[in-house]
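# A closer look at the structure
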Amino acid sequence: AQSVSQHNHHVILSEAASLELGCNYSYGGTVNLFWYVQYPGQHLQLLLKYFSGDPLVKGIKGFEAEFIKSKFSFNLRKPSVQWSDTAEYFCAVITTSYSGAGSYQLTFGKGTKLSVIP
Amino acid sequence: KAGVTQTPRYLIKTRGQQVTLSCSPISGHRSVSWYQQTPGQGLQFLFEYFSETQRNKGNFPGRFSGRQFSNSRSEMNVSTLELGDSALYLCASSHNSGGAAYNEQFFGPGTRLTVL
């Protein structure tokens with residue numbers, strides 16, 4: 001079965017520090033990769049996505065991620081975090097349903113809580 | 001375009017009861033997926049509906065069921081509630097036509113279910 005691993009459960013950074021959140025997936029076929037963010041009290045929002053092409057993907061709010069196929073990784077980065085980036089971050093992969101019926105199921109990592117100290 | 005809406009936003013039930021949650025997808029989206037979010041297990045896929053048919057199902061007991069109507073609105077039902085069913089239930093919709101690139105899922109705010 002497909003799985004997604006996020007290495008850090010909770011990351012604490014000071015403002016202006018650089019951020020890198022790890023994400024590894026296990027799936028041998030074609031993958032589509034996502035990072036979602038959940039701010040306190042808000043719903044899941046898409047930060048960025050990778051379907052094909054340039055493996056360096058830029059998203060909203062200055063976030064970017066790099067897809068490294070050989071390492072099965074899709075790490076999230078931001079050069080300088082702000083207090084407003086405090087949230088929980090989820091890496092997810094779309095895999096095709098085994099039924100082949102065209103159903104695309106998101107498999108999520110367990111999430112990484114980011115706390116940014118002003 | 002209005003986003004995905006879910007009702008109710010909060011729900012308190014007792015063990016043994018049943019509950020129905022509702023989801024209205026973004027206009028034009030035909031696929032609706034449901035996820036359960038808990039602190040221990042994270043986000044887990046429940047099932048996905050497309051054109052009123054369940055196409056995919058996660059690893060949940062039969063107490064969890066759902067359906068989709070002709071207008072793409074979806075409901076999920078949990079019967080014989082257990083304490084462990086306390087969770088945030090998220091609905092996501094997608095256009096789901098023409099390949100994976102059209103399958104970005106947009107999430108609703110969720111229904112917070114508490115089972116006492």
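Look a little higher up for the structure.
Residues numbered from 1 in each chain as written. Chains lettered and ligands numbered in written order. Predicted model: local features only at pLDDT ≥ 70, side-chain atom pairs only at ≥ 80, totals over all residues. Heavy atoms only, no water.

## With respect to the overall build of chain A
Let me state the cut-off plainly: Numbered from the N terminus, helices here are DSSP runs of H or I no shorter than four residues, and strands are runs of E no shorter than two. Our radius of gyration looks at C-alpha atoms and nothing else; its globule reference is 2.2 Å times the residue count to the power 0.38. For every residue, the accessible area obtained with a 1.4 Å probe (protein chains only) is divided by the maximum for its type, and the residue is called buried under 20%, exposed over 50%, and partly exposed between those limits. The contact rule is simple, with two residues in contact once any of their heavy atoms fall within 4.5 Å.
When helices and strands are counted, chain A shows 0 helices and 12 strands. In chain A, the succession of helices and strands from N to C terminus is β-β-β-β-β-β-β-β-β-β-β-β. Over its C-alpha atoms chain A spans a radius of gyration of 14 Å, differing by no more than 12% from the 13 Å that the globule rule assigns to 118 residues. Taking the principal axes of its C-alpha atoms as reference, chain A extends roughly 50 × 30 × 20 Å. The buried share of chain A, reckoned over its 118 residues, is 48%. Within chain A, residue pairs in contact and separated by at least 24 positions form 55% of the contacts whose partners lie at least 6 positions apart.

## Brief notes about the pattern of salt bridges
Going by this rule: Between Lys or Arg on one side and Asp or Glu on the other, a salt bridge is scored when a side-chain nitrogen of the former is within 4 Å of a carboxyl oxygen of the latter.
Tallied over the entire structure, the rule returns 10 salt bridges over all chains. Put simply, Lys78 of chain A and Asp85 of chain A hold a salt bridge, and the shortest N to O gap is 2.8 Å. In this pair, the class of Lys78 of chain A matches that of Asp85 of chain A, namely buried. With a closest N to O distance of 3.6 Å, Glu82 of chain B and Arg63 of chain B form a salt bridge. Taken together, the residues span a long stretch of sequence, with Glu82 of chain B in the loop between β8 (74-78) and β9 (87-94) and Arg63 of chain B in the loop between β6 (53-57) and β7 (64-68) at a distance of 19 residues. Ionic contacts of the salt-bridge type, sharing partners, join the residues Lys58, Glu64, Glu66 and Arg77 of chain A into one network.

## Section: the environment of Pro55 of chain A
All names here are of chain A. The residue Pro55 is located in the loop between β6 (45-50) and β7 (56-58) in this model. The exposure class assigned to Pro55 is partly exposed, which follows from its relative accessible area of 35%. Between the C-alpha atoms of Pro55 and Leu21, which are 34 residues apart in sequence, the distance is 16 Å. Other than its neighbours up to four places away in sequence, Pro55 contacts Tyr50, Ala65, Glu66 and Phe67.

## What about the sheet that holds β7 of chain B?
Residue and element names in this part refer to chain B. The test is simple: Should DSSP find at least two bridges between two strands, the strands are regarded as paired. Structural elements are reduced to axes, namely lines fitted to C-alpha atoms, with helices fitted over the stretch in contact, and the angle between N-to-C directions of any two is expressed from 0 to 180 degrees.
Pairing is antiparallel across the open sheet formed by 4 strands, whose spatial order is β1-β3-β8-β7. Every other strand in the sheet has two partners, leaving β1 (5-7) and β7 as the edge strands with one partner each. Ignoring which end each strand starts from, the neighbouring axes of this sheet average 20° apart.

Scope: geometric values only; no functional claims are made or implied.
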